[in-house]
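Residue-level structure breakdown
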Amino acid sequence: MRLSALALVIASVIATEAVTTPMPIERVIRAVGPHRLKGAVVQGFQRGSKQLGWPTANLDPKVFTTSLDDAEEGVYVGWAAIDGHGGGAVHKAVLSIGWNPVYQNKERTVEAYICHDFDEDFYGAQMKLLICAFFRPQADFKDYEKPFEALIEAITTDVAFGKAALDSDALKGFREDGFFAAS
Ligand code: ADP
Ligand code: MG
């Protein structure tokens, strides 16, 4: 191979590496549990989920120190009710379990975006959360050209995907679960 040809090959390898695009996010519903968790809504890291348009109610970690031991980190769907807020009704929820790689969190978290327009915040209120399906592992957006935009787009798609999944015959019945009727 002539030197100039070799240089071309090397240049193209470097260029290919430079423009490597991240793997697309795949979402596939897989039933789990269900896990029935009940506890207070606590403060999270206040790192902007509300500013991003997707507030997440963080569940008191005391509630899942043992019960979620085998649960894979990732994004899940379920049903949630907040005592004394939103009419106490059962709403769709899209939630994450795990350590959020975007922020290098050190602690495990369970945090749920509840698909309802609440009139006020509800820190300290009791949340009942029934987790019934997993649909994607955590993703790291740092390799994207615009990580923040990619994160918002992923959450927006997660919520649309999650809401539709909860309408399926396999998952919609959990809304009437006896867990929500019990005190
Ligand atoms: P934090 O880091 O404290 O969890 P967020 O920015 O994630 O803060 O906002 C979460 C808070 O927003 C919840 O604890 C709750 O009081 C409030 N909130 C209002 N509407 C919603 C909603 N639809 N889903 C989840 N939390 C909501
Ligand atoms: Mg939160």
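This text gives an overview of the structure that appears in the document. Each residue is numbered by its place in its chain's sequence as written, counting from 1. Going through the entries in the order they are written, you letter the chains from A and number the ligands from 1. Per-residue local features are limited, in this predicted model, to residues with pLDDT of at least 70; the limit for side-chain atom pairs, both in listing and counting, is 80 or more; totals at the level of whole chains, interfaces and linings are taken over all residues.

Take helix 2 (residues 147–166) next. Owing to its 3.6 residues per turn, the α-helix brings residues three or four apart onto one side. Only DSSP runs of H or I reaching four residues or more are called helices, and only runs of E reaching two or more are called strands; each is numbered from the N terminus. A helix is expected to span 1.5 Å for every residue after the first. Between the first and last C-alpha of helix 2 there are 28 Å, a value that for 20 residues agrees with the 28 Å anticipated at 1.5 Å per step. Turning to helix 2, its buried residues are Asp158, Gly162 and Leu166. Projected down its long axis, helix 2 carries its buried residues within an arc of 40 degrees, all on one side. Within helix 2, the exposed residues directed more than 90 degrees away from the buried face are Glu149, Ala160 and Ala164. We call two residues in contact if the C-beta atoms placed from their backbones are at most 7 Å apart. Residues of helix 2 that are buried make contact with strand 3 (74–82), strand 4 (91–98), strand 6 (126–136) and helix 3 (169–172). Any residue with 12 or fewer other C-beta atoms within 10 Å of its own C-beta is exposed, any with 20 or more is buried, and the rest are partly exposed; the C-beta atoms used are placed from the backbone. As used here, the arc belongs to the directions running from the helix axis to the C-beta atoms.

This part is about the pairing of strand 6. Counting buried positions along strand 6 gives nine out of eleven residues, so the element sits mostly inside the fold. Here strand 1 (residues 30–42) pairs with strand 6 via eight bridges, running antiparallel. Paired with leucine 37 across the strands is leucine 129, a residue of strand 6. For two strands to be treated as a pair, DSSP must find no fewer than two bridges joining them. Bridge count for strand 3 against strand 6 is eight bridges, and the pairing is antiparallel. In the sheet register, tyrosine 76 faces strand 6, and the bridge partner there is phenylalanine 134.

What follows concerns the nonpolar core. Each nonpolar core reported here comprises buried Ala, Val, Leu, Ile, Met, Phe, Trp, Tyr and Cys residues connected via C-beta atoms within 7 Å. Grouped together as the largest cluster of nonpolar side chains are 32 residues, with contacts concentrated most on Tyr76, Val77, Ala80, Ala93, Leu95, Ala112 and Leu129. Of all the elements in the fold, those that place two or more residues in this core are strand 1, strand 2 (57–59), strand 3, strand 4, strand 5 (109–114) and strand 6. Filtering out sequence-adjacent residues up to four positions away, alanine 112 remains in contact with Thr56, Ala57, Ala80, Ala93, Leu95 and Leu129.

For ligand 1, the set of nearby residues contains 18 residues, the closest of which are Gly44, Ser49, Lys50, Pro55 and Asp121. Polarity classes work like this: nonpolar for Ala, Val, Leu, Ile, Met, Phe, Trp, Tyr, Cys and Pro, charged for Asp, Glu, Lys and Arg, and polar for all others, with Gly in that last group. When its residues are assigned to classes, the shell around ligand 1 shows nine nonpolar, seven polar and two charged. In this text, near has one meaning. A residue is near a molecule or strand if its C-beta atom, placed using the backbone, is within 6 Å of it.

Right, let's get into the pairing of strand 4. Most of strand 4 is tucked away: six of the eight residues are buried. For strand 3 and strand 4, the ladder comprises seven bridges, and the chain directions are antiparallel. When the bridges of strand 4 are listed, tryptophan 79 appears paired with lysine 92. Relative to strand 5, strand 4 is paired through six bridges, and the arrangement is antiparallel. Note that in strand 5 the partner of serine 96 across the bridge is glutamate 111.

Further remarks concern the sheet that holds strand 1. One closed barrel holds the six strands; their spatial order is 1-2-5-4-3-6, and the pairing between them is antiparallel. Going from strand to strand, the sheet's axes swing by 40 degrees on average, the running direction of each strand aside. Contacting strand 3, strand 4, strand 5 and strand 6, helix 2 runs over the sheet at an angle of about 120 degrees to strand 4. All axes here are fitted lines through C-alpha atoms, helices being fitted over the stretch that makes contact, and every angle between N-to-C directions spans 0 to 180 degrees.

With an omega of 5 degrees, the peptide bond between glycine 33 and proline 34 qualifies as cis. Relative to the elements of secondary structure, proline 34 occurs in strand 1.

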